[in-house]
Amino acid sequence: MDVNGTVAEGFEPVGEAFAANFALLGERGAAVAVYREGHKIVDLWAGTRDVDGAAGVDGAAGAAPWEAGTAQIVRSATKGVAAAALLLLHQRGELDLDAPVGTYWPQYKAAGKEHTLVRHLLAHRAGIPVLDRPLTPAEAADPELGAAAVAAQPPVWEPGTDHGYHAQTYSWLTGELVRRVTGRPVGEWIADEIAGPVGADLWLGLPDSEHARVGRVGPVEAPEAAGVLKTRPKRAVAEAYADPDSLTRRAFAAITPLPDENDPAYRAAALPASNGIATADGLARFYASLIGDVDGGTRLFTPETAELARAERSAGPDRVLVVGTRFGLGYMLHGSASPLLSPGSFGHPGRGGALAFADPETGISFGYVTNGFRQSVTADPRAQALVRALRTALA
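Throughout what follows, the structure given in this document is the object of discussion. (Residues numbered from 1 in each chain as written. Predicted model: local features only at pLDDT ≥ 70, side-chain atom pairs only at ≥ 80, totals over all residues. Heavy atoms only, no water.)

A look at the environment of Asp142
Along the chain, Asp142 turns up in the loop between α4 (137–140) and α5 (143–152). Overall, the relative accessible area of 30% leaves Asp142 in the partly exposed class. Residues Asp142 and Asp50, 92 residues apart in the sequence, show an inter-C-alpha distance of 28 Å. At 2.9 Å, the side chain of Asp142 and the backbone nitrogen of Glu144 are in polar contact. (Helix = DSSP H or I, 4+ residues; strand = E, 2+ residues; numbered from the N terminus. Buried < 20%, exposed > 50% of the residue type's maximum accessible area, 1.4 Å probe, protein only. Polar contact = N/O pair within 3.5 Å; in protein donor to acceptor, adjacent residues only side chain to side chain.)

Structural notes on the packing of helix α2 (residues 78–91) against helix α12 (residues 303–310)
Packing of α2 against α12 brings their axes to within 11 Å, and their N-to-C directions diverge by 135 degrees. Classified by the angle their axes make, α2 and α12 are oblique. In terms of crossing hand, the pair formed by α2 and α12 is right-handed. For the pair α2 and α12, contact is made by Leu87, His90 and Gln91 and by Thr305, Leu308 and Ala309, respectively. Taken together, the residues of the contact of α2 with α12 break down into three nonpolar, three polar and no charged. (Axes fitted to C-alpha atoms, helices over the stretch in contact; angles between N-to-C directions. Parallel < 35°, antiparallel > 145°, perpendicular 65-115°, else oblique. Left-handed = near helix turned anticlockwise from the far one by under 90°. Contact = heavy atoms within 4.5 Å. Nonpolar A, V, L, I, M, F, W, Y, C, P; charged D, E, K, R; others polar.)

Points about the packing of α2 against helix α6 (residues 170–182)
Remark: α2 packs on α6, axes separated minimally by 10 Å, with the N-to-C direction vectors making an angle of 30 degrees. Of the possible angle classes, the one that applies to α2 and α6 is roughly parallel. For the pair α2 and α6, the crossing hand works out as left-handed. Facing Lys79, Ala82, Ala83, Ala85, Leu86 and Leu89 of α2, the residues of α6 in contact are Tyr170, Thr174, Leu177, Val178, Val181 and Thr182. Split by residue class, the contact of α2 with α6 holds nine nonpolar, two polar and one charged.

Some points on the pairing of strand β2 (residues 29–36)
The element β2 is extensively covered by neighbouring structure, given that seven of its eight residues are classed as buried. Counting the residues that bridge the hairpin from β2 to strand β3 (residues 39–47) gives two residues, and of these Glu37 lies at a positive phi of roughly 50 degrees. Note that β2 and strand β13 (residues 364–370) share seven bridges and pair antiparallel. Residue pairing in the sheet places Val34 in a bridge with Phe366 of β13. (Pairing = 2+ DSSP bridges.)

Some words on the layout of surface pockets
A volume near 250 Å³ is recorded for the second largest pocket. Considering the residues around the second largest pocket, the lining is formed by 17 residues, among which Pro143, Gly175, Pro185, Val186 and Ala270 are closest to the centre. When contributions to the lining of the second largest pocket are tallied by element, the ones reaching two or more residues are α5, α6 and α7 (186–198). Sort the elements by how many residues they give to the lining of the second largest pocket and α6 lands first, with five residues. Partitioning the lining of the second largest pocket into residue classes produces ten nonpolar, three polar and four charged. (1 Å grid on protein atoms, 1.4 Å probe; cavity = no way out; pocket = protein on both sides within 12 Å on 5 of 7 lines; lining within 4 Å. Points joined across faces, edges and corners; volume = space filled by probe spheres on them.)

Shape is all these values report; function is a separate question.
Here it is, written out as structure tokens:
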């Protein structure tokens, strides 16, 4: 496999791990980018743009190669960008994290949610990880329908008293709050206030002009290769995913049937929980802007806001993911369920693939995207191999 791009001296282990992902872990097409103190030190890509090698959205036949600007859907790694929108509004004095959500969104007070605070939404403590009536993909793409559904939904636990991953409903909880505070659609606000100023190639609601650079994604199986261990989920986790009545299954099934992630209509929608599209560089550059200055771009978070983002707000058994998880305000924190670079790191994985985070202590920001999704939820083996290599390089 020909690996393209550059690696700064001393960070060769990351390049070696990236190449090994293709040789040993069945990678089809991927990219990784790393910044240190706002300067890019790793920028690598390889493989094919489309997971299946089929005709791309631009009509080109065959296995088109991954290029420097190739982007992919990053699933829940989008949540970190959505969280930044709310934290920036707080930083600007437009949103009070300790105010009831109903202060900005009166309809949300229904069904026992009048005491839900804004910070509860960010920390997955709102008690609305499921919808009693799931939305179709077309309904989910309509922000008004999604907002009305979560506003009417009774919580499954008292808001603020416990935590559980809001896998899909996070889209409408965060997106509607941004709209209520700013009067602008969340995808438009992120484009104007985050992606544009930072110079990051990331989109929530893919513009027509960018379709040709986005690859096709799909499921891939881990190879049966010597020396590669297939991990099995713990029994409680497996049972939760198998039970159609569990919070786990219902949370991920809040959109039913599952959307076609290669459908242009789905990619054009703005679902802050799940359908952001980005390059690896776009994600790494975004996280670099949360912890410091970036070459040619704007710093987004003040040091105080960065500390607010990564201060632990939820920890312990997750009522949806079943395993123990740790969350700050909108960001997963380093832990056994989602290992990042160090205990001070904050970021977000995308189910089965993508990963992005920042580590203030080392000045590192990291972005990894792939077109092949595995069954992992928070700790994909390919992303973890890159993180381990990065940790080695920094030692």
